[in-house]
Amino acid sequence: MTIQDFVDTYEYAAKSWLRINFSPKQTEELTATGAAASFLFHKMVLNEDRGAEITKEAEEISPKALREKATKLRLKMAGTDLLQGGTAFRDYFLWIRDAVAEAKLAGVDNESLLVLSVADEVVDIILQEHPHVAPTLVSEVVYLYTCDFFRTEMLMSCQAHYRGLRSFPFFEETETEFEKIRSEILD
């Protein structure tokens, strides 16, 4: 998982779906979030310690800021707040959980908790400087892209592990919905 792929994913989503551009500050925040997410993904999903390599890849971000961001994401994963509302993304996700049965499987393992934690963080980064964009739209776009990003990473790096996840149906149903939305837009 590269940090640049992470940042590129959200820059594309912002430009193509939300019609906004990121400020340098937002790009820096996304880079830190991508580095932290990469660290957690490699540590918790792949059982690899790539901290030094990731810190080097994100050399424009201070190591302290990277540690703080990783800690913030990990604390979100450890608590119950992700599944209880209170932010634009969390409120959106509660609505999804009520509407899509497979979404109830998000939060049953570290992989899906990481997705929810990252999505919550990215939505906050976007809305801080773009409060005029509908929070529900931002949440939906970020949710779909985050699930897709991590699903793809797992398919490329640990396919058997991914298929054995308790949250596997959550990832697959979200991908199906994403494909449906993309095809409707193309039509």
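Quick note: structure is the one above.
Each chain has its residues counted from 1, following the order in which its sequence is written. Where local features are concerned, this predicted model is filtered to residues with pLDDT of at least 70; where side-chain atom pairs are given and counted, the filter is 80 or more; whole-chain, interface and lining totals use all residues. Water and hydrogen atoms play no part in the side-chain values, which are based on all heavy atoms of the structure.

A. Local environment of the pattern of salt bridges. A pair is scored as a salt bridge if a Lys or Arg side-chain nitrogen falls within 4 Å of a carboxyl oxygen belonging to Asp or Glu. Per the stated rule, a full pass over the model turns up nine salt bridges. For Lys64, the salt bridge goes to Glu68, with nearest N and O atoms at 3.5 Å. In this pair, Lys64 and Glu68 both sit in helix 4 (residues 63–78), four residues apart, roughly one turn of the helix. Taking the relative accessible area as the measure of exposure, Glu68 reaches 46% and is therefore partly exposed. Residue Arg151 pairs with Glu172 through a salt bridge whose shortest N-O separation is 2.8 Å. Separated by 21 residues along the polypeptide, Arg151 in helix 7 (residues 135–157) and Glu172 in helix 9 (residues 168–186) bring together distant segments of the chain. Here the term buried applies to any residue with accessible area under 20% of the maximum for its type, exposed to any over 50%, and partly exposed to those in between, with areas from a 1.4 Å probe on protein chains only. The class of Glu172 is partly exposed, set by a relative accessible area of 23%. Connected via shared salt-bridge partners are Glu29, Lys69, Lys72, Lys76, Arg90, Asp120 and Glu121. Helix and strand labels come from DSSP, where a helix needs a run of H or I of at least four residues and a strand needs a run of E of at least two; each type is numbered from the N terminus.

So far we have only geometry, and geometry alone does not tell us how the molecule works.
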